[in-house]
Amino acid sequence: QAVPFRSLVVMDVSGSMGLDAGGKTRMQLTQEAALKGAALFPDTAQLGMWAFSVGLGGPGQDYQELDPIRRMDAVTDGRTQRERIQGDIGSLGGLVGGGTGLYDTALAAFRTVKANYDPRAVNSVILFTDGSNEKPNSMTLDQLLAAFAREKDPAKPVIFVTIGITADADEPVLKQIAAATGGSSYVAKDPADISKVFSEALLARTQ
């Protein structure tokens with residue numbers, strides 16, 4: 001019996017996601033991979049979605065909640081969570097712009113998943129990004145890692161699965177974020193590999 005999966009999917013919508021990656025933008029390739037990924041989750045999985053870029057959620061907030069974490073078969077306003085997540089993925093292209101508010105978003109995501117922890121599930125944040133932290137006056141990487149260390153609860157582990165998109169992703173930083181939470185880090189150097197990398201990341205997490 002596989003352990004149920006509970007995850008907040010956090011998608012980078014910074015301006016660089018609009019860059020061409022061989023006939024399609026990085027965002028279009030990421031959307032395709034995420035749609036394929038969303039189809040793989042069983043109904044028992046719990047998934048939510050955020051988008052992030054600097055200031056996206058209003059002054060001082062770099063993330064915007066598209067859907068809170070719910071079971072894939074939960075019905076809200078006449079649509080299942082799976083349908084809602086598919087709709088969220090489709091809407092990401094319209095949000096592209098701005099810088100990468102990576103650290104503040106990562107900490108907020110960690111806190112959100114921990115706050116509504118499900119002891120029966122693997123609780124995780126799946127973070128897609130193609131850049132490094134570009135937010136002026138943001139916390140530093142050291143401050144982020146220190147916050148993880150301080151707020152980590154061995155009884156309520158929240159792991160990060162980081163998926164870097166292209167070689168522009170800050171691989172050393174993503175590795176440290178994943179390692180600090182006991183998670184894993186992947187990079188799709190070639191954007192065409194995002195789907196494959198996402199599947200690998202999911203399989204590693206759901207065993």
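Please refer to the structure higher up on the page.
Now for a look at the structure at hand.

Glancing now at the nonpolar core. Grouped together as the largest cluster of nonpolar side chains are 32 residues, with contacts concentrated most on Ile-126, Phe-128 and Ile-163. Within the residue set of this core, elements represented by two or more residues are strand E1 (5–12), helix H1 (26–40), strand E2 (46–52), helix H2 (81–91), strand E6 (122–129), strand E7 (158–165), strand E8 (184–188) and helix H6 (194–206). Setting aside residues up to four positions removed in sequence, Phe-128 forms contacts with Val-9, Val-10, Met-11, Asp-12, Thr-30, Phe-52, Ile-163, Ile-165, Ile-194 and Phe-198. Trp-50, Ala-109, Leu-127 and Val-173 belong to the second-largest nonpolar core, a separate cluster that totals 28 residues.

Below, the discussion takes up empty space enclosed by the protein. Under the defined criterion, the tally for this structure stands at two cavities of 30 Å³ or more. Of the voids in this model, the largest cavity is the one considered here, and its volume is about 50 Å³. Around the largest cavity, the lining residues are Val-9, Ala-34, Ala-38, Phe-41, Leu-47, Met-49, Ile-85, Ile-89 and Phe-198. Secondary-structure elements contributing two or more residues to the lining of the largest cavity are H1, E2 and H2. Partitioned by chemical class, the residues of the lining of the largest cavity number nine nonpolar, no polar and no charged.

Spatially, the six strands line up as an open sheet ordered E3-E2-E1-E6-E7-E8, and their pairing is mixed. Each having just a single partner strand, strand E3 (63–71) and E8 make up the two edges of the open sheet. Ignoring which end each strand starts from, the neighbouring axes of this sheet average 15 degrees apart. Alignment of E1 against E2, held across seven bridges, turns out to be parallel. Within E2, the position partnered with Ser-7 by the bridge is Leu-47. Against the sheet, H1 touches E1, E6 and E7, its axis set at about 165 degrees to E1. Contacts between helix H3 (residues 102–115) and the sheet are confined to E1, E2, E3, E6 and E7, with E6 contributing the most and set at about 160 degrees to the helix.

It is worth spelling out H1 at this point. Spanning 15 residues, H1 covers 21 Å between terminal C-alpha atoms, matching the ideal 21 Å at 1.5 Å per step. Within H1 the residues assigned to the buried category are Arg-26, Met-27, Leu-29, Thr-30, Gln-31, Ala-33, Ala-34, Gly-37 and Ala-38.

Rules and cut-offs
- Residues numbered from 1 in each chain as written.
- Predicted model: local features only at pLDDT ≥ 70, side-chain atom pairs only at ≥ 80, totals over all residues.
- Heavy atoms only, no water.
- Core = buried A, V, L, I, M, F, W, Y, C linked by side-chain atoms within 4.5 Å.
- Buried < 20%, exposed > 50% of the residue type's maximum accessible area, 1.4 Å probe, protein only.
- Helix = DSSP H or I, 4+ residues; strand = E, 2+ residues; numbered from the N terminus.
- Contact = heavy atoms within 4.5 Å.
- 1 Å grid on protein atoms, 1.4 Å probe; cavity = no way out; pocket = protein on both sides within 12 Å on 5 of 7 lines; lining within 4 Å.
- Points joined across faces, edges and corners; volume = space filled by probe spheres on them.
- Nonpolar A, V, L, I, M, F, W, Y, C, P; charged D, E, K, R; others polar.
- Pairing = 2+ DSSP bridges.
- Axes fitted to C-alpha atoms, helices over the stretch in contact; angles between N-to-C directions.
- Expected span 1.5 Å × (residues − 1).

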